[in-house]
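# Observations on chain architecture
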Number of protein chains: 2
Amino acid sequence: MNSIITISRQYGSGGRFIARKLAEKLGIPYYDNEIITMAAKESGYSEAIFEKAEQISTHSFLYSLSMFGSAEGLYGLPLADKVYLAQTEVIKKCANEGPCVIVGRCSDYVLNEYPNVLNFFIYSDEEHKVKRATQYYGLDPKKAAEELRKKDKKRANYYNYYTNQRWGDAENYHLSLNSDAVGIEAAVDIIALFVKSHDELNNK
Amino acid sequence: MNSIITISRQYGSGGRFIARKLAEKLGIPYYDNEIITMAAKESGYSEAIFEKAEQISTHSFLYSLSMFGSAEGLYGLPLADKVYLAQTEVIKKCANEGPCVIVGRCSDYVLNEYPNVLNFFIYSDEEHKVKRATQYYGLDPKKAAEELRKKDKKRANYYNYYTNQRWGDAENYHLSLNSDAVGIEAAVDIIALFVKSHDELNNK
């Protein structure tokens, strides 16, 4: 198995759990929020700053780069964009070390020039997302649906801002699936079969 | 196996071929342009009219229904919309007869109130679509890329017009895949595994 696997997922879709199980099944490293921590350590920012930095501007990243990136190197960039750039370096380092599973952080886009990357998108019905978010993340059942929509809206904005692509567009990924239709275990098996088939096709 | 399967696909993605192979593998009926023919026969229009009727208006179908549908029954509707309605009846008839594979014609949307429907979307890289369209559909290699984009644009407009959804949005389907990443045979196996897993989950 020679692939770098990226997983994008809706909040409460079980996507992160699927990613971890997939990494176990394939016997390869798994990275999610660890990436943020690693990036924080390497770039010298504190983790608290990284959390705040998720507030992105309303322009696109390219606009931000063109406005602030040229005059003073990258030092004039908004904090969120500096953090993004630090993260991309970490994601590339992970990928350079060999096959692995990376969750979120626009990793599909960050690695789009790597030849051996497979990108997956996991989503789910609202009813099941609410159930998972209530059960595993302790969200208030009454507010869970609204909270979920906000979280996904934030993820979409973050993705669209940095990639100029649309989060959840099937064509951004090699495979997208609704985890509720088959359950977590089967979703892992289906993605693993996809990865295996891809490898066989490319090693013919 | 208890599922009605719909397949939406980009032109040249191999999606129709995958659909036929899937139907064979599962031992269930397969419908694509046959639907048009059947609809034509049942509604009394000629097939030539059906082909012309793919030219849809720039408004939405709901607008069209509200403008022309109420005053004189459905008789005031543009021809394309009458044909669409005739097709939806045929699609529902096919689905009512039991498990089957239906290709295109917004069948995912037409059957969205059926409980046992699984929707798939097949797409592909432009390079491979051009190759397939040149090889199997006889397109001029020089014009194939432009022709493909036009065909897909037409399919997207048709879908968006009748469904008020966005063609190629992952969430419209239960699974979407890039057929080039794994090849036709593996794509059939992956979808079949998805269908089997769905059935097992729902018959627990």
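The text that follows walks through the structure, step by step, so that each part is easy to find. (Residues numbered from 1 in each chain as written. Chains lettered and ligands numbered in written order. Predicted model: local features only at pLDDT ≥ 70, side-chain atom pairs only at ≥ 80, totals over all residues. Heavy atoms only, no water.)

### Topic: the pattern of salt bridges
Throughout the structure, instances matching the rule amount to 20 salt bridges over all chains. Taking the shortest distance from any N to any O, the salt bridge between E185 of chain A and K21 of chain A comes out at 3.0 Å. Taken as a pair, E185 of chain A in helix α10 (residues 184-202) and K21 of chain A in helix α1 (residues 15-26) lie far apart in primary sequence, 164 residues in all. Across the salt bridge formed by K129 of chain A and D152 of chain A, the nearest N and O atoms sit 3.4 Å from each other. Of this pair, K129 of chain A sits in helix α7 (residues 126-136) while D152 of chain A sits in helix α8 (residues 144-163), and the two are 23 residues apart along the sequence. No difference in accessibility class separates K129 of chain A from D152 of chain A, as the two residues are buried. Taken together, the shared-partner salt bridges connect R166 and D169 of chain A together with R166 and D169 of chain B into one network. (Salt bridge = Lys/Arg side-chain N within 4 Å of Asp/Glu carboxyl O. Helix = DSSP H or I, 4+ residues; strand = E, 2+ residues; numbered from the N terminus. Buried < 20%, exposed > 50% of the residue type's maximum accessible area, 1.4 Å probe, protein only.)

### What about the sheet that holds strand β5 (residues 117-123) of chain B?
The strand order β2(A)-β4(A)-β1(A)-β5(A)-β6(A)-β6(B)-β5(B)-β1(B)-β4(B)-β2(B) describes an open sheet built from ten strands, whose pairing is mixed. Each end of this open sheet is capped by a strand with a single partner; those strands are β2 (30-31) of chain A together with β2 (30-31) of chain B. Sheet topology note: the strand β1 (residues 4-9) of chain B/strand β4 (residues 100-103) of chain B ladder contains four bridges and is parallel. Across the sheet, the residue bridging to I5 of chain B is V101 of chain B, located in β4 of chain B. Along the sheet, helix α1 (residues 15-26) of chain B makes contact with β1, β2, β4 and β5 of chain B, crossing β1 of chain B at roughly 165 degrees. Against the sheet, helix α5 (residues 79-96) of chain B engages β1, β2 and β4 of chain B, with an angle of about 160 degrees to β4 of chain B. (Pairing = 2+ DSSP bridges. Contact = heavy atoms within 4.5 Å. Axes fitted to C-alpha atoms, helices over the stretch in contact; angles between N-to-C directions.)

### Concerning the interface of chain B and chain A
Listed per partner, the contact involves 27 residues of chain B and 27 residues of chain A. Where chain B abuts chain A, roughly 2100 Å² becomes buried across the two surfaces, and 61% of that area is made up of carbon and sulfur atoms. At the junction of chain B with chain A, the criterion picks out two salt bridges. For the salt bridge of D169 of chain B with R166 of chain A, the shortest nitrogen-to-oxygen distance reads 2.9 Å. Seen at the junction of chain B and chain A, the total is 17 residue pairs in polar contact (both at pLDDT 80 or more). Every element with two or more residues in the side of chain B that touches chain A is listed here: β5, β6 (175-178), α9 (179-182) and α10 (184-202) of chain B. (Buried area = accessible area lost by both parts, 1.4 Å probe. Polar contact = N/O pair within 3.5 Å; in protein donor to acceptor, adjacent residues only side chain to side chain.)

### Some words on the packing of aromatic side chains
Residues and elements named next belong to chain A. Within this structure, the stated rule accounts for 16 aromatic pairs over all chains. Seen from their ring centres, Y84 and Y162 are 3.8 Å apart, and the 10 degrees between their planes marks the pair as stacked. Linking Y84 in helix α5 (residues 79-96) with Y162 in helix α8, this pair joins segments that are 78 residues apart in sequence. Of the two residues, Y84 and Y162, both sit in the buried class. Ring plane angle 65 degrees and centroid distance 5.0 Å describe the contact between Y158 and Y162, whose orientation is recorded as edge-to-face. Of this pair, Y158 and Y162 both sit in helix α8, four residues apart, which is roughly one turn of the helix. Like Y158, the residue Y162 is buried in the burial classification. Taken together, the aromatic side chains of Y84, Y158, Y161 and Y162 make up a single cluster linked through ring pairs. For the cation-ring pair, R105 lies above Y158, with the distance from its terminal atom to the ring centre recorded as 5.3 Å. (Phe/Tyr/Trp six-rings, centres within 6.5 Å; stacked < 30°, edge-to-face > 60°. Lys NZ or Arg CZ within 6 Å of the ring centre and 35° of its normal.)

### Details of the relation of the copies chain B and chain A
With an RMSD of 0.0 Å, the fit of chain B onto chain A corresponds to turning through 180 degrees and sliding 0.0 Å along the axis. Here the symmetry operator amounts to a two-fold rotation axis. Looking at the interface residues of chain B, 100% of them are also at the interface in chain A, so both copies use one shared face. (Least-squares fit on C-alpha atoms with pLDDT ≥ 70 in both.)

### Observations regarding the pairing of strand β1 (residues 4-9) of chain A
Across the six residues that make up β1 of chain A, a large majority, six, are buried. On β1 of chain A, burial covers both faces: I4, T6 and S8 of chain A on one face and I5, I7 and R9 of chain A on the other are all buried.

### Side note on unusual backbone geometry
Residues and elements named next belong to chain A. Backbone geometry at C106 places phi at a positive 55 degrees, although glycine is not the residue there. With a phi angle near 55 degrees, N164 is a residue other than glycine that sits in the positive phi range. Along the polypeptide, N164 turns up in the loop between α8 and β6 (175-178).

### Observations regarding the environment of D108 of chain B
Residues and elements named next belong to chain B. Mapped onto the elements, D108 comes out in helix α6 (residues 107-110). We classify D108 as buried; its relative accessible area is 4%. Here the alpha-carbon distance between D108 and A19, two residues 89 residues apart in the chain, equals 14 Å. At 2.5 Å, the side chain of D108 forms a polar contact with the side chain of Y159.

### As for the packing of α5 of chain A against α8 of chain A
Residues and elements named next belong to chain A. Where α5 contacts α8, the axes come no closer than 12 Å and their chain directions differ by 80 degrees. Classified by the angle between their axes, α5 and α8 sit roughly perpendicular to one another. From α5, A80, D81, Y84 and Q87 reach across to α8, where they touch Y158, Y161 and Y162. The residue makeup of the contact of α5 with α8, split by class, is five nonpolar, one polar and one charged. (Parallel < 35°, antiparallel > 145°, perpendicular 65-115°, else oblique. Nonpolar A, V, L, I, M, F, W, Y, C, P; charged D, E, K, R; others polar.)

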